[in-house]
Amino acid sequence: MPTIPPERARLAENERHPEPARVTENESHTEPARLAENERHREPARPAENEPHRYRQAAESFGSDAERYDRARPRYPQSMVDRIVAASPGPDVLDVGVGTGIEARQFQAAGCKVLGVEPDARMADFARRGGVEVEVATFEDWDPAGRHFDAVIAGQAWHWVDPVVGAAKAARVLRPGGRLAAFWNVGQPPPEATEAFAAVYDRVVPDSLAARGYRKAMSALDGYAVLFGKAADGMGQAGAFGDPEQWRFDWEQDYTTDEWLDQLPTQGGLSQVPPAKLAEVLAGIGAAVDAMGGGFTMHYTAVVITATRTTPA
């Protein structure tokens, strides 16, 4: 990993485990997910970006610093976890793309027995050290060996899975009435931060996913709409689920300069930026946050695309 500028050297000591404080729910309980077709990060001329599951290099880069990933990535609001658990017929959960075990530990704390599937052995090893049972494989290639579950979940990971193949496989391993729930934390910085961050990305890494994303004149939620749509369409095409629903949970997280710089290298838009450029991005973003008083409040929306298995797969 690149060397953080000296003034940020204390990042590793500033571990913060974001709590889902100030959560407010804005849920669509029964309405099938209405998903926009606009796309934030992916242009039609770039087929690999239109189909993230075909671009696994970015996903497989996260394990290069699993400790940072686990420390810096946001958790999920407790109300979201509780609702998924309450809407599932039992406690047996399969976590697809379990990563370092962030959401798996939250579901364990809610009383679930969790098995993780993770293609990156480095991430899997970290999750095991945290008490999560993990099998190393892509979900498409994973062998369920006759096992069945009450819920199949995927936190910030379902876009790395073929949405049609993945939904069909989830249906095969779910018990009747079991729930498939793919969810993402979508962050929206305040306007001042958005403008400052965009300027840094445009100057330092103008061709990066991060720069292209900030350049689009739409909200972060609109930018994720295509991912949500692909997830819902895959569930529909599996032919074994009821109508997909979209649930939303709004929450906020305060970040200091160091906390935000700790998280940035774990984001897909920067995970493959050359080390020298990444250091320049971190210096620029750090200066921008310092200019805002040394911190800012990120508005997050946890979005769940979910459906219940209604017929045998």
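Residues numbered from 1 in each chain as written. Predicted model: local features only at pLDDT ≥ 70, side-chain atom pairs only at ≥ 80, totals over all residues. Heavy atoms only, no water.

A.B. asks: Can you help me understand the overall build of the protein chain in this one?
C.D. replies: The secondary structure content of the protein chain amounts to 13 helices and eight strands. Counting the 313 residues in the protein chain, one finds 54% classified as buried. Taking contacts inside the protein chain between residues at least 6 apart in sequence as the whole, the part at least 24 apart equals 81%. Carbon and sulfur atoms form 49% of the exposed surface of the protein chain, whose accessible area is close to 13100 Å². (Helix = DSSP H or I, 4+ residues; strand = E, 2+ residues; numbered from the N terminus. Buried < 20%, exposed > 50% of the residue type's maximum accessible area, 1.4 Å probe, protein only. Contact = heavy atoms within 4.5 Å. Areas by Shrake-Rupley, 256 points an atom, 1.4 Å probe, with all protein chains shown as cover.)

A.B. asks: Would you take a moment to explain the nonpolar core for this structure?
C.D. replies: Side chains that are nonpolar tend, in soluble globular proteins, to be buried together. Counting 49 residues, the largest nonpolar core has Met80, Ile84, Phe197, Tyr201, Trp260 and Ile285 as the members making the most contacts within it. Counting 33 residues, the second largest nonpolar core, distinct from the first, contains Val152, Ala171, Phe228 and Ile305. (Core = buried A, V, L, I, M, F, W, Y, C linked by side-chain atoms within 4.5 Å.)

A.B. asks: I would appreciate a short explanation of unusual backbone geometry in the present structure.
C.D. replies: Leave glycine aside and you will find that most residues have negative phi; peptide bonds, for their part, are mostly trans. One non-glycine residue, alanine 145, lies in positive phi territory at about 50 degrees. In this fold, alanine 145 is placed in the loop between strand S4 (133–136) and strand S5 (149–155). Judged by relative accessible area, alanine 145 falls into the exposed class, the value being 56%. Of note, the phi angle at glutamine 156 is positive, near 55 degrees, even though the residue is not glycine. Inspection of the secondary structure puts glutamine 156 in the loop between S5 and helix H7 (163–173).

A.B. asks: Explanation requested: the packing of aromatic side chains in the structure shown.
C.D. replies: Ring pairs (aromatic) are described by centroid distance and by the angle formed between their planes. Taken as a whole and assessed by the stated rule, the structure comprises 15 aromatic pairs. Seen from their ring centres, phenylalanine 139 and tryptophan 158 are 6.1 Å apart, and the 50 degrees between their planes marks the pair as tilted. Of this pair, phenylalanine 139 sits in the loop between S4 and S5 while tryptophan 158 sits in the loop between S5 and H7, placing them 19 residues apart in sequence. Of the two residues examined, phenylalanine 139 and tryptophan 158, each falls in the buried class. Here tryptophan 251 and tyrosine 300 contribute two aromatic rings whose centre-to-centre distance is 4.6 Å and whose plane-to-plane angle is 15 degrees, an arrangement assigned as stacked. (Phe/Tyr/Trp six-rings, centres within 6.5 Å; stacked < 30°, edge-to-face > 60°.)

A.B. asks: Explain the pattern of salt bridges to me, please; I cannot follow it from the model alone.
C.D. replies: Pairing of side chains with opposite charge becomes possible as their charged atoms draw close. Applying the stated rule across the entire model yields 13 salt bridges. Of the charged contacts in the structure, one is a salt bridge between aspartate 92 and arginine 175, with a shortest N-O distance of 3.1 Å. With a gap of 83 residues between them, aspartate 92 in strand S2 (residues 92–96) and arginine 175 in strand S6 (residues 174–188) connect regions that are remote in the sequence. Residue classification places arginine 175 among the partly exposed positions, given a relative accessible area of 30%. Its salt-bridge partner being arginine 122, residue aspartate 120 comes within 2.9 Å of it at the nearest N-O pair. Here arginine 122 falls in the partly exposed class, since its relative accessible area comes to 41%. Taken together, the shared-partner salt bridges connect Asp65, Arg68, Arg71 and Asp262 into one network. (Salt bridge = Lys/Arg side-chain N within 4 Å of Asp/Glu carboxyl O.)

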